[in-house]
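# Structural overview
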Amino acid sequence: DKKTKLKVYVDGAALREVVSGFEGTRGALTELAKAVDNALNPVRIAIIEDQQGLQANLENQAALLKQQGLSNREINSILNTPEFQSILVDFMAAEDFASQVPTNSEQDPDSSGGVN
């Protein structure tokens, strides 16, 4: 058994953040979620307005559910719920949005993709 002394410096702001239950971090994440939601809204609207694309995606989802052994009645029950359609539109919007965001290699052809 040996006693060891250790001096630790804790920044006051970091300590307040921990004591507050990470209030600042939670607030920043809430703001980030709002920003992402706002960025996706125009994409969501475009997807909803493209009824043919939306219908094609619903048909793809139906085929996947059929492969899982669901009956036509079960499939229609799932696909026709507003919650499922909302989630599907959100997923399609996120996928579309992500495909438009340039990757590091697209921004800088000399980039190795890693941290320099």
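Please read these numbers as outputs of a predicted model, since none were measured by experiment. (Residues numbered from 1 in each chain as written. Predicted model: local features only at pLDDT ≥ 70, side-chain atom pairs only at ≥ 80, totals over all residues. Heavy atoms only, no water.)

### Considering the overall build of the protein chain
Basically, it comes down to this: Each helix is a run of DSSP H or I of at least 4 residues and each strand a run of E of at least 2, with the numbering of both proceeding from the N terminus. Only protein chains enter the calculation, and the probe is 1.4 Å; a residue is then buried if its accessible area is under 20% of its type maximum, exposed if over 50%, and partly exposed in between. Here a residue-residue contact requires only that any non-hydrogen atoms of the pair lie within 4.5 Å. Under the convention used here, a 1.4 Å probe and the Shrake-Rupley method define accessible areas, while residue burial counts only the protein chains that appear.
Within the protein chain one finds 6 helices and 0 strands. Reading the protein chain from its N end, one meets helices and strands in the order α-α-α-α-α-α. The burial tally for the protein chain puts 14% of its 116 residues in the buried class. Sequence-distant contacts in the protein chain: of pairs separated by 6 or more residues, those separated by 24 or more amount to 53%. Here the protein chain has roughly 9,700 Å² of accessible surface; of this, 56% comes from carbon and sulfur atoms.

### Some thoughts on helix α1 (residues 12–19)
This is how it is decided: Here a polar contact is recorded for every N or O atom pair within 3.5 Å, except that within protein the pair must consist of a potential hydrogen donor and a potential acceptor, and residues adjacent in sequence are included only if both atoms are side-chain atoms.
Capping the start of α1, D11 holds a side-chain oxygen 3.3 Å from the backbone nitrogen of A13, two or three residues further along. Taken from the residues just after α1, G21 is the one with a positive phi, measuring 75 degrees.

### Thoughts on the pattern of salt bridges
Definition in use: One side-chain nitrogen of Lys or Arg within 4 Å of one carboxyl oxygen of Asp or Glu is enough to make a salt bridge.
The final tally for this structure, using the stated rule, is 3 salt bridges. Its salt-bridge partner being R44, residue D37 comes within 2.8 Å of it at the nearest N-O pair. It is possible to trace a salt-bridge network through shared partners that takes in D37, R44 and D90.

### A look at the environment of A46
Inspection of the secondary structure assignment puts A46 in helix α2 (residues 23–49). Taking the C-alpha atoms as reference points, A46 and A93, separated by 47 residues in sequence, lie 8.8 Å from one another.

### Re the confidence of the model for the protein chain
Selection rule: As a per-residue measure, pLDDT tells how confident the predictor is, with possible values from 0 to 100.
Residues with a pLDDT of 70 or more make up 90% of the protein chain, whose mean pLDDT is 86. When mean pLDDT is taken per element in the protein chain, helix α4 (residues 72–79) scores highest with 94 and helix α6 (residues 104–107) scores lowest with 62.

### What to know about a nonpolar patch on the surface
Formally: Think of a patch as exposed residues, more than 30% relative accessible area, with no salt bridge, where like charges cluster within 9 Å and nonpolar side chains (Val, Leu, Ile, Met, Phe, Trp, Tyr) cluster within 5 Å.
A grouping of L6, V8, V10, L15 and V19 is seen on the molecular surface, where their side chains present a nonpolar patch of about 550 Å² in accessible area. If you trace the backbone, L6 turns up in the segment before α1. With a relative accessible area of 74%, L6 lands in the exposed category.

### Description of the side chain of E17
Quick reminder of the rule: Residues counted as positive are Lys and Arg, residues counted as negative are Asp and Glu, and His and the chain ends are not counted.
Here E17 shows up in helix α1. One buried charge, E17, has no salt-bridge partner; the nearest side chain with opposite charge is R26, at 7.0 Å. A distance of 3.2 Å separates a polar atom in the side chain of E17 from the backbone nitrogen of G24. Polar side-chain contacts of E17 include one of 2.7 Å to the side chain of T25. The contacts of E17, once residues within four sequence positions are left out, are F22, E23, G24 and T25.

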